[in-house]
Amino acid sequence: MSSRPDRPTHDTHHGRLKTTVAAEVSALMEPRLLNIGFGSTVVAERVVAIVSPNSAPMKRLKDEAKKDQRLIDATHGRRTRSIIITDSNHIILSAIQAETISQRFLTVKDNG
C-alpha cells in the first residue's frame, strides 16, 4: 500500500480502490468560481443574491456598504450593471448584467 496521502490506496481486504481522506477533503473544499467580468471572480457558494442596481433600495444598500467598508467595486471604472450580495454581507459591484451573471451562476452550480 502507498503511504502518500495524495495518492489513492488499494484496499486488498475488500478488493476496491479506496481514496484517502485527504484527497476526498481536497475535492470537497475546492471552490467553484463565478466570473463577474474583467478577470474578477467570486466564490459561487458565498453568493446570496444577484440584483439589478436600479432601484432606490439597492442604491441605499450600496451606500451603506460603502460607509461600513463592505463594498467591493469590480466594475473597473465602468457603469454598475449588477450588485452581488454575499453571505458575509459584502456588496460587490459588477459591470456585467445581472441576468448574465445569474446564467453563469446557474452553470457553475449545475457543473459542480
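Up top you'll find the structure we're talking about.
Nothing here was measured: the structure is a model prediction, and the numbers come from that model.

Colleague: Could you clarify how one ought to interpret the overall build of the protein in this entry?
Modeller: Counting secondary structure elements, the protein contains three helices and eight strands. The secondary structure elements of the protein, listed N-terminal to C-terminal, are β-β-α-β-β-β-α-β-β-β-α. Within the protein, the proportion of its 112 residues that are buried is 29%. When contacts within the protein are restricted to residue pairs at least 6 apart in sequence, long-range pairs at least 24 apart make up 44% of them. Put simply, the protein shows about 7,700 Å² of open surface, and 51% of that area lies on carbon and sulfur atoms.

Colleague: It is not clear to me how the pairing of strand 3 (residues 33-37) should be interpreted in this structure. Could you clarify?
Modeller: As defined by bridge partners, strand 3 adjoins strand 4 (residues 40-43) across four bridges and the pair is classed as antiparallel. The residue of strand 4 that forms the bridge with Leu-33 is Val-43. The hairpin formed by strand 3 and strand 4 contains two residues between the paired strands, and Phe-38 there has a positive phi angle of roughly 55 degrees.

Colleague: Help me understand the sheet that holds strand 8 (residues 91-94), please; the structure alone is not making it clear to me.
Modeller: Think of a sheet as strands paired side by side through backbone hydrogen bonds, with each pair either parallel or antiparallel. Across the sheet, which stays open at both edges, the four strands sit in the order 5-7-8-6 with mixed pairing between neighbours. Strands at the two margins of the open sheet, each flanked by one partner only, are strand 5 (47-51) and strand 6 (71-73). Averaged over all pairs of adjacent strands, the angle between strand axes in this sheet comes to 20 degrees, irrespective of strand direction. Strand direction decides the pairing type here: strand 7 (residues 82-86) and strand 8, joined by four bridges, are antiparallel. Looking at strand 8, one finds that Ile-84 is bridged to Ile-92. Each of strand 5, strand 7 and strand 8 is contacted by helix 3 (residues 98-111), which is oriented at about 145 degrees to strand 5, the strand it contacts most.

Colleague: Before we go on, may I ask you to explain the side chain of Thr-75 in this structure?
Modeller: Summarising the element assignment, Thr-75 is placed in the loop between strand 6 and strand 7. Side chain to side chain, Thr-75 and Asp-73 meet in a polar contact 2.5 Å long. With residues up to four places along the chain from it excluded, the contact list for Thr-75 reads Phe-38, Thr-80, Leu-93, Ser-94 and Ala-95.

Colleague: I keep staring at the nonpolar core and nothing clicks. Help me out?
Modeller: Soluble globular proteins tend to bury their nonpolar side chains together. Counting residues in hydrophobic clusters, the biggest one holds 14 residues, and the most contacted among them are Leu-34, Ile-36, Val-47, Ile-50, Ile-84 and Ile-101. When contributions to this core are tallied by element, the ones reaching two or more residues are strand 3, strand 5 and helix 3. Tallying contributions element by element places helix 3 first for this core, with four residues. Once residues within four sequence positions are removed from consideration, Leu-34 is found in contact with Ser-40, Thr-41, Val-42, Ala-44, Val-47, Ile-50, Ile-101, Arg-104, Phe-105 and Val-108.

So, how was this worked out
- Residues numbered from 1 in each chain as written.
- Predicted model: local features only at pLDDT ≥ 70, side-chain atom pairs only at ≥ 80, totals over all residues.
- Heavy atoms only, no water.
- Helix = DSSP H or I, 4+ residues; strand = E, 2+ residues; numbered from the N terminus.
- Buried < 20%, exposed > 50% of the residue type's maximum accessible area, 1.4 Å probe, protein only.
- Contact = heavy atoms within 4.5 Å.
- Areas by Shrake-Rupley, 256 points an atom, 1.4 Å probe, with all protein chains shown as cover.
- Pairing = 2+ DSSP bridges.
- Axes fitted to C-alpha atoms, helices over the stretch in contact; angles between N-to-C directions.
- Polar contact = N/O pair within 3.5 Å; in protein donor to acceptor, adjacent residues only side chain to side chain.
- Core = buried A, V, L, I, M, F, W, Y, C linked by side-chain atoms within 4.5 Å.

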